[in-house]
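Below are the chains, spelled out letter by letter.
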Amino acid sequence: TSLDVFGASGFLSLLLNPAWVVDPSFWLSYSAVFGLVFASHFAKIPESEIPLLNPEKSRAPWKEKLRAAAITSLGAGLMTLPFSIFYFGEFSLSG
């Protein structure tokens, strides 16, 4: 599944460069991708229908595309929120 690939990629990234464990870009990137994947699973959106991950292949009606975009964007934003506050002392409401 996509969560297995996500976990393996994080593990291999840190295996290749353990210093990334304290790098804000590593945490922000991986938390955003985790938020996208988790939100899509939570909302039962097929990965092929996530507009942010696969814009050219999405065949869903516009309401479903809007719903999928909103849910996955919210998921990514919520997952990066704690890291943004920790590393930068603030967060952005606009993305």
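Because the structure is a prediction, the values reported are computed rather than measured.

A word on the overall build of the protein chain. Looking only at helices and strands, the protein chain has three helices and zero strands in total. Relative to its 95 residues, the protein chain shows a buried fraction of 28%. Restricting the contact set of the protein chain to residue pairs at least 6 apart, pairs at least 24 apart contribute 48%. If you sum the accessible surface of the protein chain, you get close to 6600 Å²; carbon and sulfur atoms cover 71% of it.

This paragraph deals with the environment of leucine 3. Within the secondary structure layout, leucine 3 lies in helix α1 (residues 2–16). Sequence-wise, leucine 3 and valine 33 are 30 residues apart; in three dimensions their C-alpha atoms are separated by 9.9 Å. In contact with leucine 3, other than residues within four places in its own chain, are Phe34 and Val37.

A separate point is the packing of aromatic side chains. By the definition in use, this model includes seven aromatic pairs. Seen in terms of ring centroids, phenylalanine 26 and tryptophan 27 are 5.4 Å apart; in terms of plane orientation they differ by 85°. Their pairing is edge-to-face. When its relative accessible area of 27% is taken as the criterion, tryptophan 27 is described as partly exposed. Ring geometry for phenylalanine 86 versus tyrosine 87: centroids 5.0 Å apart, planes at 80°, classification edge-to-face. Owing to a relative accessible area of 26%, tyrosine 87 belongs among the partly exposed residues under this scheme. A connected cluster of aromatic rings, assembled from ring pairs, spans Phe6, Phe26, Trp27, Tyr30, Phe34, Phe38 and Phe83.

Quick notes on the rules
Residues numbered from 1 in each chain as written. Predicted model: local features only at pLDDT ≥ 70, side-chain atom pairs only at ≥ 80, totals over all residues. Heavy atoms only, no water. Helix = DSSP H or I, 4+ residues; strand = E, 2+ residues; numbered from the N terminus. Buried < 20%, exposed > 50% of the residue type's maximum accessible area, 1.4 Å probe, protein only. Contact = heavy atoms within 4.5 Å. Areas by Shrake-Rupley, 256 points an atom, 1.4 Å probe, with all protein chains shown as cover. Phe/Tyr/Trp six-rings, centres within 6.5 Å; stacked < 30°, edge-to-face > 60°.

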